Amino acid sequence: MSKKVKIGNIYIGGGEKIAIQSMATTRPSDVINSVKAAKELEKAGCEILRFSVLDEKDAKAFSELKKEIKIPLVADIHFDYRLAISAIEAGADKIRINPGNVGGEQNVIKVAEALKRSGVPVRVGSNTGSIEKNFLNKYGKNEISLGESALKNVAILEKHGVNNIVVSVKASYVPLTIKAYEYIAKKTDYPLHLGVTEAGGEYNGVIKNSAAMGALLSKGIGDTIRVSLSADPVREVVAAKAILSALEIIDEGVKVIACPTCGRCEWDCMAFASEVENYVKNEKKPLKIAVMGCVVNGPGEAADADLGIAGAKDDCVIFNKGKIVKRVKKEDVRKVFFEEIDKCIR
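Being a predicted model, the structure only gives us computed values, none of them experimental. (Residues numbered from 1 in each chain as written. Predicted model: local features only at pLDDT ≥ 70, side-chain atom pairs only at ≥ 80, totals over all residues. Heavy atoms only, no water.)

### Considering the pairing of strand β4 (residues 48-52)
A regular strand places its side chains so that they alternate between the two faces of the sheet. Among the five residues of β4, four are classified as buried, and the element is accordingly described as predominantly covered. For strand β3 (residues 19-23) and β4, the ladder comprises three bridges, and the chain directions are parallel. Across the sheet, the residue bridging to Ser22 is Leu49, located in β4. Of the pairings in the sheet, the one linking β4 to strand β5 (residues 73-76) comprises four bridges and is parallel in character. (Buried < 20%, exposed > 50% of the residue type's maximum accessible area, 1.4 Å probe, protein only. Helix = DSSP H or I, 4+ residues; strand = E, 2+ residues; numbered from the N terminus. Pairing = 2+ DSSP bridges.)

In structure tokens form, the structure reads like this:
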């Protein structure tokens with residue numbers, strides 16, 4: 001089990017729940033839009049939010065952001081160690097740096113001193129674009145070079161008394177991501193931040209992240225996740241929640257299962273399933289709803305659903321825990337079934 005690290009008002013590692021992260025597309029210094037974006041992400045279920053810090057104005061803006069945003073905020077900094085110190089002083093709950101690109105050991109020492117004074121944790125690591133050259137030359141681009149490059153950054157901070165660390169080893173394709181996290185999980189007990197870097201647009205990105213995170217989380221590897229997508233950050237959070245729900249790591253919100261349909265289906269099951277998913281997407285109560293193509297196997301296959309519907313030629317049946325409780329004409333299906341959903345939720 002990994003050690004526990006406190007980030008703002010939450011903990012990761014040490015058996016705590018898997019925390020969902022995302023990254024804002026706004027600059028921290030754009031306070032109005034950053035606060036708006038953060039609140040939308042928090043509403044969607046984001047638990048840790050990262051901002052890129054490009055200058056002193058961005059770093060100092062954390063003091064303003066913290067007045068309006070409840071979830072922990074992370075300052076992502078490269079090249080200028082002074083920005084890390086400024087962000088810490090302004091109230092950032094965590095920083096992300098690469099000790100190798102902040103200008104030498106003396107600068108790392110200054111950041112380390114600020115981290116120790118404040119108790120703020122730091123994320124370090126590597127990805128396929130930032131592997132240390134000596135490891136790349138020795139091992140090639142694989143899980144060993146990725147892992148050892150990350151551990152070198154960890155060792156630099158440990159040397160200067162920093163032990164409040166989160167580690168990541170991100171690759172841009174799934175097999176290497178899995179191997180790298182498996183490798184480093186054996187080498188350190190610091191919490192691991194899971195992610196597939198440069199995963200792509202929403203469709204392909206969700207598939208890649210689901211494959212990698214499913215493989216790792218099912219083995220107990222990973223303490224916090226970011227589903228990186230070239231899409232609205234809210235979609236990252238939605239995808240992360242869906243992954244954790246599919247793995248039954250979290251039991252929150254309504255799960256909709258739906259039949260893939262076949263020639264027996266005589267109603268628009270697919271479209272109705274989409275309507276149901278959209279209707280319940282913001283609900284928090286744990287509930288399982290089934291939308292099935294036909295009555296031949298619908299109630300039976302979905303016997304564990306709290307509420308379900310299955311189509312027939314002239315009407316649909318509504319069932320609870322596999323037991324048919326109501327028959328409804330097709331023209332009344334939407335109204336009646338959504339009323340049943342409301343009864344279950346309220």
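### Some points on the packing of aromatic side chains
What the rule picks out here adds up to five aromatic pairs. Taken together, a centroid distance of 5.4 Å and an interplanar angle of 50° make the contact between Trp267 and Phe272 tilted. In textbook terms, an aromatic cluster arises when at least three aromatic residues are bridged by ring pairs, as seen for Trp267, Phe272, Tyr279, Phe337 and Phe338. Residue placement shows Lys4 over the ring face of Tyr11; its charged tip is 5.5 Å from the ring centre. (Phe/Tyr/Trp six-rings, centres within 6.5 Å; stacked < 30°, edge-to-face > 60°. Lys NZ or Arg CZ within 6 Å of the ring centre and 35° of its normal.)

### Things to note about the sheet that holds β3
Taken in spatial order, the eight strands of this open sheet run β8-β7-β6-β5-β4-β3-β10-β9, and their pairing is parallel. The outermost strands of the open sheet, each flanked by one partner alone, are β8 (165-170) and β9 (193-194).

### Considerations on the sheet that holds strand β11 (residues 254-258)
Strand order in the open sheet formed by five strands is β11-β12-β13-β14-β15, with mixed pairing between adjacent strands. Sheet topology places β11 and β15 (323-329) at the edges, where each strand pairs with a single neighbour. For this sheet the average axis-to-axis angle between neighbouring strands, irrespective of direction, equals 20°. Note: β11 against strand β12 (residues 287-292), five bridges, orientation parallel. Following the sheet pairing, Lys255 is matched in β12 by Lys288. The sheet contacts of helix α11 (residues 269-280) involve β11, β12 and β13 (307-311), and relative to β12 the element is tilted by about 160°. (Axes fitted to C-alpha atoms, helices over the stretch in contact; angles between N-to-C directions. Contact = heavy atoms within 4.5 Å.)

### Brief notes about the nonpolar core
Counting 75 residues, the largest nonpolar core has Leu49, Phe62, Ile95, Val122 and Ile165 as its most contacted members. Apart from the residues within four sequence positions on either side, Phe62 is in contact with Pro28, Phe51, Val53, Leu73, Val74, Ala75, Ala87, Ala90 and Ala92. Membership of the second largest hydrophobic core comes to 30 residues, among which are Val291, Met292, Ile309 and Val333. (Core = buried A, V, L, I, M, F, W, Y, C linked by side-chain atoms within 4.5 Å.)

### As for the packing of helix α1 (residues 31-44) against helix α10 (residues 233-246)
The geometry of α1 relative to α10 is characterised by a closest axis approach of 9 Å and an angle of 15° between their N-to-C directions. Classified by the angle between their axes, α1 and α10 sit roughly parallel to one another. The way α1 lies across α10 gives a crossing that is right-handed. Packed against α1, whose contacting residues are Glu40, Leu41 and Ala44, the element α10 presents Pro233, Val234, Val237 and Lys241 at the interface. In terms of residue class, the contact of α1 with α10 is built from five nonpolar, no polar and two charged. (Parallel < 35°, antiparallel > 145°, perpendicular 65-115°, else oblique. Left-handed = near helix turned anticlockwise from the far one by under 90°. Nonpolar A, V, L, I, M, F, W, Y, C, P; charged D, E, K, R; others polar.)

### Description of helix α4 (residues 81-89)
The buried fraction of α4 amounts to seven of the nine residues, a majority that puts the element mostly inside the structure. Restricting attention to buried positions, one finds in α4 the residues Tyr81, Leu83, Ala84, Ile85, Ser86, Ala87 and Ile88. Residues of α4 that are buried sit in contact with α2 (56-60), α3 (62-68), β5, β6 (94-96) and α5 (105-118). Measuring from the side-chain oxygen of the N-cap residue of α4 to the backbone nitrogen of Arg82 gives 3.0 Å; that N-cap residue is Asp80. At the exit of α4 stands Gly91, carrying a positive phi of roughly 110°. (Polar contact = N/O pair within 3.5 Å; in protein donor to acceptor, adjacent residues only side chain to side chain.)

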